[in-house]
Amino acid sequence: MKDFILAIDQGTTSTRSIVLDRSYRNCGAGQQEFTQHFPRSGWVEHEPEDLWTTTVETARAAMQAAGVSADQIAAIGITNQRETALVWDRRTGKAIHKAIVWQDRRTAEHCARLRSDGNAELVAERSGLLIDPYFSATKIAWLLDNVPGAREAAEAGHLAFGTVDSWLVYKLTGGRRHVIDVTNASRTMLCNIGSADWDDDLLKLFGVPRSMLPEILSNIDAFGETEPDLFGGAIAIRGVAGDQQAAVIGQACFTPGMMKSTYGTGCFALLNTGADRVASQNRLLTTIAYRLDGEIHYALEGSIFIAGAAVQWLRDGLKMIGKASETSELAAKADPGQRVYLVPAFTGMGAPWWDAEARGAMFGITRNTGPAEFARAALESVCFQTHDLLGAMRKDWPGQADTLLRVDGGMAANDWTMQRLADILGVAVDRSSSTEVTALGAAWLAGHGAGLWPDQQGFAAEWQRERQFAPSMDETERGELLAGWGSAVHCTLGFGK
Ligand code: ADP
């Protein structure tokens, strides 16, 4: 009986594979970290072979831990770090260069030029994105212009581009399939998110030949079958989604107005806007949340650069705590009479402020301020930033006040923060019972595709909350806290100007 699903989560620092049974239970997992390459300041690369070998090895480890063979696995689901760009030669199946990772800033100048040449509107209208090195398009252009002979080989049809999902499917199928899922495609800056197809004007703008591009598939689709000798039998790949979109799916945020926020090192918030393709006036991104049954659902996406990283700073930089989890108890002990704010603009401020040059600041420190107030300020900063993000989303998409927020990620385990988040947002915060929401999203896509699990509504009905945090702060206090935060941000952004 094919009673199991294999979920592969290819992330920025590690690759994880999990075998789930029909009850969505984790039956066995494998995880491997791999080397980060930083050839120059601001450059970040991954070795394509590392992404591939860690995928195969962790998948085998998960199968072994679960005691499951290939013929018991109904399907594979894949989720992955988004935007990271790979180019390989179809003749050899080998990558022509290391993968350029989403964090890589080497194409900043190229992007600035494209912006000053007046292309921002076209790019936003077609792709929903802001011209930025973050997305794949200028990374591909860089590879074509900097790897000797690449552009000629591409024009002759020998080269293939892919995001990490494309690369893994290509390798898993023994080079038979060159495909990408619609959510990963929507992060390349080459995809028209209205039609979910490659856009000729964008291809021309970024100088990417169409022949390099993979076929765009829905999130549940026939992605291909694995080479039989990899896992001891062929397994169908039935579901793929980029990591943040997989979290939207794993959180069952299928109804317009539902939002998920993943609190890891940074925070990614996606608000499902359904069939509404909302053009942001507040520098949020418009992106494809998923395409199931032929219908595209859109999301507004915003990110906070520093979330759990503020806790890491308390631990590793200031050495005020030994473990991240200590902050919950510490913050609860903070003096309510002291209003201390941390604006963690360690690497600039993201949406909706967008100031890359801003740097962090603390306000309201007195002689009585100690580690407890620092901890509270760090945790609260994540809540305030989420408040600003949600405010921008509401401005962009008015009339959708009944937001429901589902949270996941390492920092979502912090009870104090989640309660504060509910208080500051004035919105109930639901924490999923699953600690692997992203992998669960990929697994559900594959499992539904393979007929093992119910459709969206059925899956949404099965979604379980571990705990709900209901807002309980009175409006006056909330107003005062938010006014203090607003002032702190204002001063931070004004510093040195
Ligand atoms: P990533 O996927 O970005 O590596 P994770 O989802 O694993 O992130 O979460 C790790 C981050 O969450 C770290 O920045 C860590 O400081 C923070 N974190 C983990 N546990 C807690 C906790 N109990 N309280 C506050 N922050 C936490």
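J.: Would you mind going over the sheet that holds strand β15 (residues 236-242) with me for this structure?
T.: Strand-to-strand pairing in sheets goes through backbone hydrogen bonds, with the strands running parallel or antiparallel. Taking strand neighbours across the sheet as the criterion, the six strands line up as β3-β2-β1-β5-β15-β14 in an open arrangement whose pairing is mixed. A strand with exactly one partner marks an edge of an open sheet, and here the two such strands are β3 (26-33) and β14 (220-225). Averaged over all pairs of adjacent strands, the angle between strand axes in this sheet comes to 25°, irrespective of strand direction. Against the sheet, helix α1 (residues 48-66) makes contact with β1 (4-10), β2 (14-20), β3 and β5 (73-80), and its axis sits at roughly 150° relative to β3, the strand it touches most. The strands touched by helix α10 (residues 243-250) are β5 and β15; relative to β15, the strand with the most contacts, the crossing angle is about 105°.

J.: What exactly am I supposed to notice about the site of the ligand here?
T.: For the ligand, the set of nearby residues contains 13 residues, the closest of which are Thr265, Gly308, Gln312, Gly410 and Asn414. Alanine 324 is positioned such that a nitrogen or oxygen atom in its backbone is 3.5 Å from a nitrogen atom of the ligand. Summarising the interface, the protein chains cover 65% of the accessible area of the ligand, which totals 580 Å² for the free molecule. When residues of the shell around the ligand are assigned to their parent elements, the largest contribution, four residues, is made by helix α11 (residues 308-317). Partitioning the shell around the ligand into residue classes produces four nonpolar, nine polar and no charged.

J.: Explain the domain arrangement of the chain here, please?
T.: Think of interface size as the accessible area that goes away when the parts come together; that is how it is often given. In terms of domains, the chain is made up of domain 1 (4-242) and domain 2 (251-432 + 464-497). Taken over C-alpha atoms, the centre of domain 1 sits 29 Å from the centre of domain 2. For the domain 1 and domain 2 pair, buried surface summed over both sides reaches about 1500 Å², with 52% attributable to carbon and sulfur atoms. Scanning the region where domain 1 abuts domain 2 turns up two salt bridges. Here glutamate 301 makes a salt bridge to arginine 82, at a shortest N to O gap of 2.8 Å.

J.: Before we go on, may I ask you to explain the pairing of β3 in this structure?
T.: Looking along a regular strand, one sees side chains alternate from face to face of the sheet. Bridge analysis of β2 against β3 gives seven bridges, and the strand direction is antiparallel. In the strand pairing of β3, serine 14 is matched with glutamate 33. Adjacent in sequence and paired antiparallel, β2 and β3 are bridged by five residues, among which tyrosine 24 carries a positive phi angle near 65°.

J.: Hey, could you run me through the layout of surface pockets in this one?
T.: Regions of empty space are outlined by a rolling probe, equal in size to a water molecule, passed over the atoms. By volume, the second largest pocket is sized at about 330 Å³. What lines the second largest pocket is a set of 16 residues, among which Ser23, Tyr24, Ser433, Ser434 and Leu440 lie closest to the centre. Within the residue set of the lining of the second largest pocket, elements represented by two or more residues are β2, α15 (437-449) and α16 (456-462). Split by residue class, the lining of the second largest pocket holds seven nonpolar, seven polar and two charged.

J.: Is there a simple way to think about the nonpolar core in this case?
T.: What tends to happen in soluble globular proteins is that the nonpolar side chains get buried as a cluster. Ranked by internal contacts, the top residues of the largest apolar core, which has 61 residues, are Tyr263, Leu405, Val407, Met418, Leu421 and Val429. Here this core gets 13 residues from one element, more than from any other, and that element is helix α13 (residues 371-396). In contact with valine 407, other than residues within four places in its own chain, are Gln251, Ser261, Tyr263, Ala412, Met418, Leu421, Val429, Asp430, Arg431 and Ser432. With 43 residues, the next largest nonpolar core counts Val87, Leu159, Val208 and Met212 among its residues.

J.: Teacher, can you tell me more about empty space enclosed by the protein here?
T.: Inspection of every chain in the model, using the stated rule, returns two cavities of 30 Å³ or more. Elements supplying a minimum of two residues to the lining of the largest cavity: β19 (295-304) and α13. Classifying every residue of the lining of the largest cavity by side-chain character gives five nonpolar, three polar and one charged. As a volume, the second largest cavity reaches approximately 30 Å³. Ile304, Phe305, Ile306, Pro344, Gly348, Met349, Gly350 and Gln385 are the residues that line the second largest cavity. Along the lines of polarity and charge, the residues of the lining of the second largest cavity split into five nonpolar, three polar and no charged.

J.: Would you mind showing me how to read the environment of proline 344 here?
T.: Its location among the elements puts proline 344 in the loop between β20 (341-343) and β21 (361-363). Using a relative accessible area of 1% as the deciding quantity, one classes proline 344 as buried.

J.: Hey, could you run me through the packing of aromatic side chains in this one?
T.: Two aromatic rings, taken as a pair, are described by how far apart their centres are and by the angle between their planes. Counted by the stated rule, this structure contains 15 aromatic pairs. Considering the side-chain rings of phenylalanine 254 and tryptophan 444, the 5.7 Å spacing of their centres and the 50° angle between planes classify their relative orientation as tilted. Note that phenylalanine 254 is positioned in the loop between α10 and β16 (258-263) and tryptophan 444 in helix α15, a separation of 190 residues in sequence. According to the relative accessible area criterion, phenylalanine 254 is buried, its value standing at 9%. These aromatic residues form a ring-pair network of at least three members: Tyr24, Phe254, Tyr290, Trp444, Trp453 and Phe459. The ring of phenylalanine 268 has arginine 82 sitting right over it, with the charged end atom 5.7 Å from the ring centre.

Basis of the calculations
- Residues numbered from 1 in each chain as written.
- Predicted model: local features only at pLDDT ≥ 70, side-chain atom pairs only at ≥ 80, totals over all residues.
- Heavy atoms only, no water.
- Pairing = 2+ DSSP bridges.
- Helix = DSSP H or I, 4+ residues; strand = E, 2+ residues; numbered from the N terminus.
- Axes fitted to C-alpha atoms, helices over the stretch in contact; angles between N-to-C directions.
- Contact = heavy atoms within 4.5 Å.
- Near = heavy atom within 4 Å.
- Polar contact = N/O pair within 3.5 Å; in protein donor to acceptor, adjacent residues only side chain to side chain.
- Areas by Shrake-Rupley, 256 points an atom, 1.4 Å probe, with all protein chains shown as cover.
- Nonpolar A, V, L, I, M, F, W, Y, C, P; charged D, E, K, R; others polar.
- Domains from an automatic or database assignment.
- Buried area = accessible area lost by both parts, 1.4 Å probe.
- Salt bridge = Lys/Arg side-chain N within 4 Å of Asp/Glu carboxyl O.
- 1 Å grid on protein atoms, 1.4 Å probe; cavity = no way out; pocket = protein on both sides within 12 Å on 5 of 7 lines; lining within 4 Å.
- Points joined across faces, edges and corners; volume = space filled by probe spheres on them.
- Core = buried A, V, L, I, M, F, W, Y, C linked by side-chain atoms within 4.5 Å.
- Buried < 20%, exposed > 50% of the residue type's maximum accessible area, 1.4 Å probe, protein only.
- Phe/Tyr/Trp six-rings, centres within 6.5 Å; stacked < 30°, edge-to-face > 60°.
- Lys NZ or Arg CZ within 6 Å of the ring centre and 35° of its normal.

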